[in-house]
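As a plain string of letters, each chain reads:
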Amino acid sequence: MTTLPHHTEKKLGLVIDLDICVGCHACAVSCKEWNTGAYGAPLSDLHAYGADPSGTWLNRVHSYEVKPKEGPAQLIHFPRSCLHCEDAPCVTVCPTGASYKRTEDGIVLVDEDKCMGCGLCAWACPYGARELDGAVGVMKKCTLCVDRIYNDNIPEEDRVPSCVRTCPANARHFGDFADPESDVSIMVAKRGGYDLMPEQKTKPVNKYLPPRPKTQGATANAEYAMPAAETVQPGGLLGWLDKALAVID
Amino acid sequence: MHPAASVIVFTTFSGIGFGLMTLLGLRFGVENPWFQWTATIAAYFFAGLGLLSSTLHLRRPDRAWRAFSQWRSSWLSREGVMSILTLGVFGLYSIGVLFLDVYDPWLGAIAAIMALVTVLTTSMIYAQLRTVPRWSTGWTPLAFYGFAIAGSLLLLAALLATFGAPHARQVEQYAMAAIIIAWAIKYGWWRHAETATLSARGSGTGDATGLGRIGSVRPFEPPNTSPNYLMKEMIYRVGRQRARALRRMALFLGAVAPVILIALATYAGAAAPLLILAFLLHLAGMLAERWLFFAEAEHAVGSFYRATDPMAA
Amino acid sequence: MEKTKTFPPQTAPSERGLDLSPHVSDEIRKTTCYMCACRCGVNVHIRKDHNGREVVSYLEGNRDHPTNQGVLCAKGSSGIMQHYSPARLKKPLLRVGPRGSGNFKEISWEEALTTATNWLRPARQKDPSKLAFFTGRDQSQSFTSWWAQAFGTPNYAAHGGFCSVNMAAGGIYTMGGAFWEFGTSDWERTRMFMIFGVAEDHDSNPIKLGLSKLKKNGAKIVGVNPVRSGYNAVADEWVGITPGTDGLFILSMVQELLKAGKVDVPYLVRYTNAPWLVIEDPGAADHGLFARGKDGHPLVIDRRTGKLASAEDSDAKPDLKGVAKLPGGRKARPVFEIMAEKYLDPKYAPEAVAATCGIEAGTIRRLAAELAHAAFEEEIVLDREWTDWRGKKHDKMIGRPVSFHSMRGISAHSNGFQTARALHFLQILLGSVETPGGFRFKPPYPKPVEAHPKPHSKWEPDTPLHGPHLGYPLSPDDLQIDENGRPRRIDKAFSWDAPLAAHGLMHMVIANAAEKDPYGIDVLFLYMANMAWNSSMNTSGTMEMLTRTDEKGDYVIPKIIYSDAYSSEMVAFADLILPDTTYLERHDCISLLDRPISEPDAAADAIRWPVVEPDRDVRGFQSVLLDLGARLGLPGFVAENGSPKYRDYADYLVKHERRPGIGPLAGWRGEEGEARGRGAANPHQLEKYIENGGFFVAHIPEEAQFFKPWNKAYQDWAVGMGFFDKPQPYVFSLYSEPLRKFQLAAEGHGDRQPPENMRARIREAFDPLPTWYPPFQGEMVDKTEFPLHAITQRPAAMYHSWGSQNAWLRQIHGANPLYVPENVARAAGLQSGDWAWVTSHHGRIRVPVHVTAASNEKTLWTWNAIGKRKGAWALGKGAPETTRGFLLNHLIHELLPPRGDGMRVSNSDPVTGQAAWFDLRVKIEKADGPGADSLMPETGGQVSPVGQGPETVEYGKAWK
Ligand SMILES: Nc1nc2c(c(=O)[nH]1)N[C@H]1C(S)=C(S)[C@@H](COP(=O)(O)OP(=O)(O)OC[C@H]3O[C@@H](n4cnc5c(=O)[nH]c(N)nc54)[C@H](O)[C@@H]3O)O[C@H]1N2
Ligand SMILES: Nc1nc2c(c(=O)[nH]1)N[C@H]1C(S)=C(S)[C@@H](COP(=O)(O)OP(=O)(O)OC[C@H]3O[C@@H](n4cnc5c(=O)[nH]c(N)nc54)[C@H](O)[C@@H]3O)O[C@H]1N2
Ligand code: SF4
Ligand code: SF4
Ligand code: SF4
Ligand code: SF4
Ligand code: SF4
Ligand SMILES: [Mo]
């Protein structure tokens, strides 16, 4: 239904740790692989082997160059998929009722049998999380792997999104944000997890953990400095050697 | 945003069509059956073509009927519902006028109001999108109204002149005024648009990624080396030169030329051909204006793909 | 948006037809990924398509697998697209057009195998050296080398010589194992981790898993790399070093540590040759060699008595400094003292190296201090008993939680061997090799250099080679040169050009064969290496050499046989194509005899098996090679009655024994599958592997998990596993005597001496202590003309050239810009999106550029192997890989610029012959004018023997 539920029992979503994401695209490809064979229409690829190949992806990994006030520029890898917003504008703009947010767990889905492919929901999403499939003409988006996380045909430990299961750097975490005791909630609280584009008032469920500050310059970690005095001592530069050898019995 | 022909035609034509329905519903016309037939057909032509064109934008038009279901939350759905209702109510009103020679002022007024509401719903499809800062403003419905009324007045004036209606001159003057007012509104819209950038809205690359807290942010590598749906749909790039030229063209065709032609029509007597020409030029200008409306609009997702902070460029 | 009251009531999910528990697959078959050489365990989900055929529906990591523990990288997950690639070869091909054109006719396997046999047989009968058989990144080298040995050609190697032999050899000569595939960090315990010159490495998933563990434990990660992408992006600190200067940076940290006494003295005394005495008798033939007692054991100074003692004497207390008088009056000093003298030289001071390395002196100092802090202040003590090889019991395991990792950023330079040595050396000085928190070997390593085979190359007609081709020379006596000092191998491996060429020099084969230097060949037989393209330096030149004709108009390299699975560039340049299967369609073996997938706590090996049947007329290459071997009647390939000894590769895997009881696979040996490591062949071995998920793991007992080279329990376990036949404890070589022996030859000693014009370079490069010299190319070109460095990196989501046929991966990396540092771009007037000419001493390319601030200021870089030749890989017209994707290889020459004496030597490390890909020096200028936005050089095009891929892919439709 196009209207949003007042309240969802759970708020399932992802935490993405930008401190460790190495930008390997594993999550994006695994997502594509699972979803092309699972929920709804396949994720098509047009001009697959020709000029300008362009396909549908539910998760894409960007990288950014960030220049701090001091120190060298940094590269930061940044996966981008649906944030399963609490106030999801993509849902309310949908004229057909194809887009909806589940009351049970807050997952935002597209009922592909109802979608007329108008594309308005993709316009309404600030995060570029919706893509109109080039072959089938229906709107595709991250399903939070709704067909995995409750799936009795999958071993329990694997009932997590495909992207989370595959991330080699363990930069993606899945859980219930409605539960303040969940791993994801705790992680967000501890690491200062943040919302993307809060001004869009979408109240995203997914959170991003910021990169930790970097060490740089000669004066960092001064507490580890080696005692300079030891470098000049009786016995020449290796004056410490006798002492060191004496320790070995 | 990608300036798709379907939406450009949809918004301009349906604006004129429903504008004309408003005017006809409010009895701006004359009781000449030839005029009534032509005007009614024109109204249906523009509104209908606009709506038809909007379905060309759909990838699954067979499911378009579902779009009537979500009027409670979706402006697009409301637009669909309102336009069909308006076409119906205006149709009833027109049946009275054309076949029964009955003018029901109440039905006319209701049709007129519904047509105006339809124009509002059309504009709100765009104005509601917080993701497109240029659109997301009260100026957008105002501008849609301005142009719907100006265009339809000009069309009405041309029709009236064609059928030799006595108050054609008066309507000409209204049209001229409406064109000027509409472009004044558009000017306001443009002024607003200049400041309604992504970074000004807090949706620049630094904000979008949340990395702005570390320093200035610019994209390093996009997720894919060839363009994808998002880039093609949301990140249309118009050259500055081209935009300026088009804007001048829109202004000239949409405002300056029609105003001069109306003025000529007023004083030169050979009114109808001049007004028809004025309308056609205006329409061409409006298509250019609408092209720019889409093409120049930045979508928030653009922040992920290109630097929106001048500092980081 | 305003929340609206739900009316009508929210549609229940079930009413929407949402099936929360859909059928996933009919069956899961567990095998080993081969989208790269990391060799992760993969669960292949199989289901039936609409026609009832079995298709692969989903790939996921195998959680039980030691390598990837359930994760899968982008390449691994896109295996479906590789497996169903339109570029797959379908049938054996015989060339009908000129080489390079791609014009072939399809032939039967019988015809193909007969043709190959007819080309190979004369060579074997007359002169086996007329065959050069080189293999790419396959993982069956123990098998392919065995074939080549039986054939009798001296000309065999795999791709290691252009890949990473510097790392392998640097580590093995120093400590009997290396970063790279022979060992890894103790990810659980390390407190400080430095990663040098790595973009991806073969340990793709394990490194990522490791980094995330480090982050979780709050350990510090330092990335040393001219480029700040990938692992360097997530590192806590980035050291944006100038290419080719790591050795200097490392030795400067060594100086800092030595000055402050922050080296692990007890460790050095016990486990390294630091106390061993080095003869000091300038001019003598043994100057610089170890002083040895009558029993041949090295001598040390006993600290208590000041007298000489044997290094083997467990009661002696070896000193690290002092001067010993040897019998006969000559002097000798401990390695440690010589070493300290060398590295305390002011030229290694942080201030002295800062400008060259592009790293501030203060930063070098601080990093050394941080290493020392982590190693000595954050010492780890495990309460685990262990016994050393002398029988002494230790109640604890003391660990120094510092570890390094490094790969091609260090090895692909002409000073790479010594730099790799320097890094292993630093790791040893800190006492953190094989201790908790440090660097740990993966079985069958550690293995001292002496325990490795030596190279062999003597060939005779119709006769197998009398030993393995590749190995580790210990002195000039082990060089493979003839009486006149000329190279015996076509690639000149183990000649004075590249004395320690442990992996051969695959990058020189085509060039040398085309020049008939040292001799011409009749048949070039290649497997799984795109030598006409990204595998070669000087790509345009290589295509010319492959098509070069003599006066008579015949190809200088008369016959080229090639096995590929896909329509690569190299396919077009070969005469006979033996089409291989994909990795899901064949048997393979990831053997402990070969490149191990073990972990520090366990030995492991694995198989691939046909989880789906090929739908084309293709055959697994190893089976084809067995067939060829049998047709040629090679010993070992035929049974007594002359019939083929092995049905196919699967049969070989189970039955073949290298040594009694030792076969390709270590698991489930013995008739009942009861034995591991050693044991009789088990006919059901492969079934056991398949039942177990495709792999086998043998855990190392707890007490044996650290101090492996000196740990009695480990040595015994390793003997039990069949890694060696008797315990072989050894000490690490801070000072390398084999290197010194080559240096002595260059100084004029012995009967095998380098040619005059190579003496100086051998003398410098074979320093027995890790050293640094500037990369050759930088020294030989005008640095003011070519002021910049240009390097490549592996993209995580693309595997060399073979990822471009992958509909998913090519969307991620279909084109590559040259990344140009801001300052360079400013000076050249370049902006992102512009095109530029990049020029080296050898060539000129025109490429698109992108400006970056996150790299070393003198370094340009790009992703490796994205560019493709038109028509290859079943790609269509205008594919971005052919219009915006380029190779840097056109700028790199396989030879260095001519020297004053006109001589040109290989663009390789002078010790190992490792290709010096990253020594490249260039300049950059903006490309202007009409048409400046297209790639140069133009490399022509080839006809696709497999047609073109479909317009649209909708994978999943097959069963939906
Ligand atoms: N995804 C993927 N994985 C692969 C491969 C692949 O093609 N794709 N190929 C496999 C193969 S065959 C190999 S050999 C390995 C190679 O794995 P890597 O060792 O990771 O090889 P490269 O990508 O060449 O990375 C070299 C790194 O060294 C840096 N570098 C260059 N010069 C210097 C220097 O002088 N000093 C330092 N400190 N750094 C330097 C470069 O910036 C780059 O980051 O990867 C294997 N894994
Ligand atoms: N500029 C620059 N050049 C480099 C490097 C660099 O860092 N910079 N790195 C160098 C290094 S380390 C390496 S390893 C090389 C890698 O370069 P290559 O060895 O050329 O690697 P690939 O492009 O993967 O090519 C291997 C060939 O094997 C084929 N193949 C794939 N799967 C199979 C199979 O199952 N069976 C058979 N028979 N064939 C198969 C592929 O189709 C392809 O043609 O590149 C080298 N070139
Ligand atoms: S798989 Fe993990 S590390 Fe790789 S890009 Fe995705 S989130 Fe980042
Ligand atoms: S991220 Fe976009 S698609 Fe997802 S819920 Fe939010 S607005 Fe909708
Ligand atoms: S594209 Fe489909 S899901 Fe999106 S708004 Fe239109 S009908 Fe709704
Ligand atoms: S949760 Fe599932 S659908 Fe969403 S990005 Fe991850 S893999 Fe894709
Ligand atoms: S690292 Fe990736 S491609 Fe390589 S073996 Fe593992 S999963 Fe396969
Ligand atoms: Mo390699």
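All values reported here derive from a predicted model rather than from experimental measurement. (Residues numbered from 1 in each chain as written. Chains lettered and ligands numbered in written order. Predicted model: local features only at pLDDT ≥ 70, side-chain atom pairs only at ≥ 80, totals over all residues. Heavy atoms only, no water.)

### Details of the site of ligand 7
All names here are of chain C. Surveying the vicinity of ligand 7 reveals the residues Cys33, Met35, Cys36, Cys38, Arg39, Cys40, Leu72, Cys73, Lys75, Gly76, Ser204 and Asn205. Of all the secondary structure elements, the ones that give two or more residues to the shell around ligand 7 are α1 (74–77) and α7 (204–217). Classifying every residue of the shell around ligand 7 gives seven nonpolar, three polar and two charged. (Near = heavy atom within 4 Å. Helix = DSSP H or I, 4+ residues; strand = E, 2+ residues; numbered from the N terminus. Nonpolar A, V, L, I, M, F, W, Y, C, P; charged D, E, K, R; others polar.)

### Topic: the confidence of the model for chain C
Residues and elements named next belong to chain C. Summary statistics for chain C give a mean pLDDT of 95 and a share of 98% for residues scoring 70 or more. This stretch, residues 1–15, has a pLDDT under 50; its non-local contacts, to residues over four places away or in other chains, come to 33 contacts. The ipTM, which scores confidence in the relative placement of chains, is 0.96 for this predicted complex, and the corresponding pTM is 0.96. (pLDDT = per-residue confidence, 0-100. Contact = heavy atoms within 4.5 Å.)

### Focus: the sheet that holds strand β6 (residues 131–135) of chain C
Residue and element names in this part refer to chain C. Read from one edge of the open sheet, seven strands run β5-β4-β25-β24-β23-β6-β7, paired in mixed fashion. Where the open sheet ends on each side, the last strands, each with one partner, are β5 (104–106) and β7 (156–157). Of the pairings in the sheet, the one linking strand β4 (residues 93–95) to β5 comprises three bridges and is antiparallel in character. Residue pairing across strands places leucine 94 opposite lysine 105, the latter belonging to β5. Helix-sheet contacts for helix α3 (residues 109–126) involve β6, β23 (523–527), β24 (559–563) and β25 (576–577), and the interaxial angle to β24 is about 135 degrees. Taken strand by strand, helix α4 (residues 141–151) contacts β6, β7 and β23, and its axis lies near 175 degrees from that of β6. (Pairing = 2+ DSSP bridges. Axes fitted to C-alpha atoms, helices over the stretch in contact; angles between N-to-C directions.)

### Quick notes on helix α1 (residues 5–25) of chain B
With 21 residues, α1 of chain B extends 29 Å from end C-alpha to end C-alpha; this agrees with the ideal 30 Å at 1.5 Å per step. Of the residues flanking the end of α1 of chain B, it is arginine 27 of chain B, one or two places downstream, whose phi is positive at about 65 degrees. (Expected span 1.5 Å × (residues − 1).)

### Looking at the site of ligand 2
All names here are of chain C. Around ligand 2 sit 30 residues, and of these Arg408, Asn534, Asp564, Asp580 and Ser801 come closest. One nitrogen or oxygen atom from the main chain of alanine 565 is found 3.3 Å from a nitrogen atom belonging to ligand 2. For ligand 2, whose free accessible area comes to 900 Å², the fraction covered by protein is 99%. Residues that form the shell around ligand 2 fall into these classes: twelve nonpolar, twelve polar and six charged. (Polar contact = N/O pair within 3.5 Å; in protein donor to acceptor, adjacent residues only side chain to side chain. Areas by Shrake-Rupley, 256 points an atom, 1.4 Å probe, with all protein chains shown as cover.)

### Some thoughts on a negative patch on the surface
Together, Asp383, Glu385, Asp395 and Glu703 of chain C make up a region of like negative charge exposed at the surface. Within the secondary structure, glutamate 703 of chain C sits in the loop between β28 (695–699) and α22 (712–721). (Patch = residues over 30% accessible without salt bridge, like charges linked within 9 Å, V, L, I, M, F, W, Y side chains within 5 Å. Salt bridge = Lys/Arg side-chain N within 4 Å of Asp/Glu carboxyl O. Lys, Arg positive; Asp, Glu negative; His and termini not counted. Charge placed at Lys NZ, Arg CZ, Asp CG, Glu CD.)

### Focus on the packing of α3 of chain C against α4 of chain C
All names here are of chain C. Viewed as axis vectors pointing N to C, α3 and α4 meet at an angle of 55 degrees, and their least axial separation amounts to 10 Å. The orientation of α3 relative to α4 falls into the category oblique. In this structure, α3 contributes Leu120, Ala123 and Arg124 to the contact, and α4 contributes Trp147, Ala150 and Phe151. Among the residues forming the contact of α3 with α4, the class breakdown is five nonpolar, no polar and one charged. (Parallel < 35°, antiparallel > 145°, perpendicular 65-115°, else oblique.)

### Some details on the interface of chain A and chain C
Quoted interface sizes are often the accessible area lost when the parts come together. In this complex, chain A contributes 101 residues to the contact, which on the side of chain C involves 115 residues. Summing both sides of the interface, chain A and chain C together bury roughly 8,800 Å²; the carbon and sulfur share of this comes to 57%. Three residues, Glu33, Tyr49 and Met226 of chain A, lead the burial of chain A against chain C; their summed loss comes to 11% of the area buried on that side. Taken together, the links from chain A to chain C amount to six salt bridges. Where chain A packs against chain C, one counts 45 residue pairs in polar contact (both at pLDDT 80 or more). At nine residues, the largest contribution of residues to the side of chain A that touches chain C is made by helix α1 (residues 26–37) of chain A. (Buried area = accessible area lost by both parts, 1.4 Å probe.)

### Details of the pattern of salt bridges
All told, the structure shown has 87 salt bridges over all chains when counted by the stated rule. The partner of arginine 595 of chain C in a salt bridge is glutamate 181 of chain C, with the nearest N and O atoms 2.9 Å apart. Of the two residues, arginine 595 of chain C sits in the loop between β26 (588–590) and β27 (602–608) while glutamate 181 of chain C sits in the loop between α6 (165–175) and β8 (183–185), which places them 414 residues apart along the sequence. Notably, a salt bridge pairs glutamate 756 of chain C with arginine 759 of chain C, separated by 3.0 Å at the nearest N-O pair. In the salt-bridge network here, residues are joined through shared partners; they are Glu157, Asp158 and Arg165 of chain A together with Glu60 and Arg63 of chain C.

### Topic: the packing of aromatic side chains
Under the counting rule described, the total for this entry stands at 82 aromatic pairs over all chains. An angle of 80 degrees between the planes, with centres 5.4 Å apart, marks the rings of tyrosine 126 of chain B and phenylalanine 294 of chain B as edge-to-face. Of this pair, tyrosine 126 of chain B sits in helix α4 (residues 105–127) while phenylalanine 294 of chain B sits in helix α10 (residues 271–295), and the two are 168 residues apart along the sequence. For the pair tyrosine 955 of chain C and tryptophan 959 of chain C, a centre-to-centre distance of 5.5 Å together with 80 degrees between the ring planes defines the contact as edge-to-face. No difference in accessibility class separates tyrosine 955 of chain C from tryptophan 959 of chain C, as the two residues are buried. One aromatic cluster is present, formed by Phe179, Tyr267, Tyr271, Trp386, Phe439, Phe441, Phe707, Trp710, Tyr730 and Phe732 of chain C through successive ring pairs. Arginine 72 of chain B extends its terminal NZ or CZ atom over the ring of tryptophan 71 of chain B, reaching a point 6.0 Å from the ring centre. Between the NZ or CZ atom of arginine 290 of chain B and the centre of the ring of phenylalanine 144 of chain B, over which it lies, the distance is 4.5 Å. (Phe/Tyr/Trp six-rings, centres within 6.5 Å; stacked < 30°, edge-to-face > 60°. Buried < 20%, exposed > 50% of the residue type's maximum accessible area, 1.4 Å probe, protein only. Lys NZ or Arg CZ within 6 Å of the ring centre and 35° of its normal.)

### With respect to the interface of chain B and chain C
Contact residues are listed per partner, giving twelve residues for chain B and 21 residues for chain C. Here chain B packs against chain C, burying approximately 1,200 Å² in sum over the two surfaces, 38% of which is carbon and sulfur. Of all residues in chain B, Arg72, Phe220 and Thr225 of chain B give up the largest surface area on contact with chain C, accounting jointly for 49% of the area buried on that side. Glutamate 822 of chain C is the partner of arginine 218 of chain B in a salt bridge, and the nearest nitrogen-oxygen pair spans 3.1 Å.

### Examining the side chain of asparagine 225 of chain C
All names here are of chain C. Inspection of the secondary structure puts asparagine 225 in the loop between β10 (220–224) and α8 (230–234). Polar side-chain contacts of asparagine 225 include one of 3.0 Å to the backbone nitrogen of valine 227. Residues within four places of asparagine 225 in sequence aside, it is in contact with Gly197, Val198, Asn232, Trp238, Val239, Gly240, Ile241 and Gln793.

### Some details on the nonpolar core
Formed by 349 residues in total, the largest nonpolar core has its most connected members in Trp135 of chain B together with Trp147 and Ile924 of chain C. Look past the residues within four positions of tryptophan 147 of chain C in its chain and what remains in contact with it is Leu120, Leu131, Phe133, Phe525, Leu625, Leu628, Gly629, Leu632, Leu634 and Phe637 of chain C. Grouped together as the second largest cluster of nonpolar side chains are 142 residues, Leu211, Ala235, Ala374 and Tyr472 of chain C included. (Core = buried A, V, L, I, M, F, W, Y, C linked by side-chain atoms within 4.5 Å.)

### Some details on a nonpolar patch on the surface
Residues and elements named next belong to chain B. Among the surface-exposed residues, Trp37, Ile41, Phe45, Leu49, Leu92, Ile95, Phe99, Leu100 and Val102 lie close enough to one another that they form a single nonpolar patch of about 880 Å² accessible area. Of all the secondary-structure elements, those providing two or more residues to the nonpolar patch are α2 (33–56) and α3 (75–100). Position of phenylalanine 99 relative to the elements: it lies in helix α3. Since its relative accessible area comes to 55%, phenylalanine 99 is described here as exposed.

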